[in-house]
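Below are the chains, spelled out letter by letter.
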Amino acid sequence: MVDKNGTLRQTLQILEESDIDRRTTENIEQVYNNFLNAFLFGINVWKRGEHARALECLYYTQRYYLQLIRITEKTTNHWVNPFTQLENELSNKAYESFKKGTAPLENEAIHEAYIHLLKSSKKIIKQLEQEYSVTDFTQIIKEIEVYSLEN
């Protein structure tokens, strides 16, 4: 693609300079609902014994998890792809937590990654509930925890 008259550059510059506030109650709830949906989809696939597909689904769960982390750490510049510059933009604690939510293509490792992400997201949403008027997810998280630990 060639931008002969600079129109594309101007348009992209406007987008780059726009400062969308990702730290809103509505956005937090949307991200967390997406996280829970991705989690349930992945854990269901895992329970069916489709481990390769469950690993694929883990990516989406991780993606929403990272968006939650980026909200708490005020690093939402790479919102569309929250994996970008992860090593440089997250605290060591958040980065280590993310690493525990990754897995090789092994049955138990995949399950452990899902469980870790759910437990960690529970802490994050509790933290965000203190700052924002976020829906209380306590009951649904309990039900999902029980379900995800059943065989």
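Before reading further, recall that the structure is shown in the block above.
## Details of the packing of helix α3 (residues 51–72) against helix α5 (residues 92–100)
- Across the interface, α3 lies against α5 with an axial gap of 11 Å and an inter-helix angle of 165°. It follows that α3 is roughly antiparallel to α5 by the angle criterion. Every pair of crossing elements has a handedness; the one defined by α3 and α5 is right-handed. Contacts between α3 and α5 involve Gln62, Tyr65, Leu66 and Ile69 from the first element and Ala94, Ser97 and Phe98 from the second.
- When grouped by side-chain class, the residues that make up the contact of α3 with α5 number 5 nonpolar, 2 polar and no charged.

## Here we look at the pattern of salt bridges
- This structure, assessed with the given rule, holds 8 salt bridges.
- Salt-bridge contacts for arginine 53 lead to glutamate 50; the nearest nitrogen and oxygen are separated by 3.9 Å.
- Looking at glutamate 50, the relative accessible area reads 32%, which means it is partly exposed.
- Its salt-bridge partner being aspartate 136, residue lysine 126 comes within 3.9 Å of it at the nearest N-O pair. Here aspartate 136 lies in the loop between α6 (107–131) and α7 (138–149) and lysine 126 lies in helix α6, a separation of 10 residues in the sequence.
- The class of lysine 126 is partly exposed, set by a relative accessible area of 35%.

## Some remarks on unusual backbone geometry
- The backbone of lysine 74 shows a phi angle near 55°, a positive value even though the residue is not glycine.
- Its identity as a non-glycine residue notwithstanding, glutamine 85 has a phi of 55°, on the positive side.
- Take glutamine 85: it is sitting in the loop between α3 and α4 (86–89).

## Digging into the packing of aromatic side chains
- Applying the stated criterion across every chain, the model contains 7 aromatic pairs.
- With a centroid separation of 5.6 Å and an interplanar angle of 10°, the aromatic rings of tyrosine 32 and phenylalanine 35 are classed as stacked. Of this pair, tyrosine 32 and phenylalanine 35 are both found in helix α2 (residues 25–47), 3 residues apart, which corresponds to roughly one turn of the helix. Each member of the pair, tyrosine 32 as well as phenylalanine 35, is classed as buried.
- Residues phenylalanine 39 and tyrosine 114 carry aromatic rings whose centres are separated by 5.6 Å and whose planes lie at 80° to one another, so their mutual orientation is edge-to-face. You can see phenylalanine 39 sitting in helix α2 and its partner tyrosine 114 sitting in helix α6, a full 75 residues away along the chain.
- Among the aromatic residues, those joined into a cluster by ring pairs are Tyr32, Phe35, Phe39, Tyr114 and Phe137.
- Across from the ring centre of tyrosine 147, 3.6 Å away, lies the NZ or CZ of lysine 47, which sits over that ring.

## Focus on α7
- For α7, spanning 12 residues, the distance from its first C-alpha to its last is 17 Å, which sits close to the expected 16 Å at 1.5 Å a residue.
- Against α2 and α6 lie the buried residues of α7.

## A short note on the nonpolar core
- Counting residues in each nonpolar core, the largest one holds 37 residues, and the members touching the most others are Tyr32, Tyr114, Ile125 and Leu128.
- Residue assignment for this core shows that the elements contributing at least two residues are α2, α3, α5, α6 and α7.
- Look past the residues within four positions of tyrosine 114 in its chain and what remains in contact with it is Phe39, Gly42, Ile43, Ala54, Cys57, Leu58 and Thr61.

## Notes on the layout of surface pockets
- One number sums up the size of the largest pocket: a volume of about 310 Å³.
- In terms of lining residues, the largest pocket is bounded by Tyr65, Ile69, Thr72, Glu73, Ser91, Lys93, Ala94, Ser97, Ser120, Lys123, Ile124 and Gln127.
- Elements supplying a minimum of two residues to the lining of the largest pocket: α3, α5 and α6.
- Ranked by residues supplied to the lining of the largest pocket, first place goes to α6 with 4 residues.
- Partitioning the lining of the largest pocket into residue classes produces 4 nonpolar, 5 polar and 3 charged.

Parameters at a glance
- Residues numbered from 1 in each chain as written.
- Predicted model: local features only at pLDDT ≥ 70, side-chain atom pairs only at ≥ 80, totals over all residues.
- Heavy atoms only, no water.
- Axes fitted to C-alpha atoms, helices over the stretch in contact; angles between N-to-C directions.
- Helix = DSSP H or I, 4+ residues; strand = E, 2+ residues; numbered from the N terminus.
- Parallel < 35°, antiparallel > 145°, perpendicular 65-115°, else oblique.
- Left-handed = near helix turned anticlockwise from the far one by under 90°.
- Contact = heavy atoms within 4.5 Å.
- Nonpolar A, V, L, I, M, F, W, Y, C, P; charged D, E, K, R; others polar.
- Salt bridge = Lys/Arg side-chain N within 4 Å of Asp/Glu carboxyl O.
- Buried < 20%, exposed > 50% of the residue type's maximum accessible area, 1.4 Å probe, protein only.
- Phe/Tyr/Trp six-rings, centres within 6.5 Å; stacked < 30°, edge-to-face > 60°.
- Lys NZ or Arg CZ within 6 Å of the ring centre and 35° of its normal.
- Expected span 1.5 Å × (residues − 1).
- Core = buried A, V, L, I, M, F, W, Y, C linked by side-chain atoms within 4.5 Å.
- 1 Å grid on protein atoms, 1.4 Å probe; cavity = no way out; pocket = protein on both sides within 12 Å on 5 of 7 lines; lining within 4 Å.
- Points joined across faces, edges and corners; volume = space filled by probe spheres on them.

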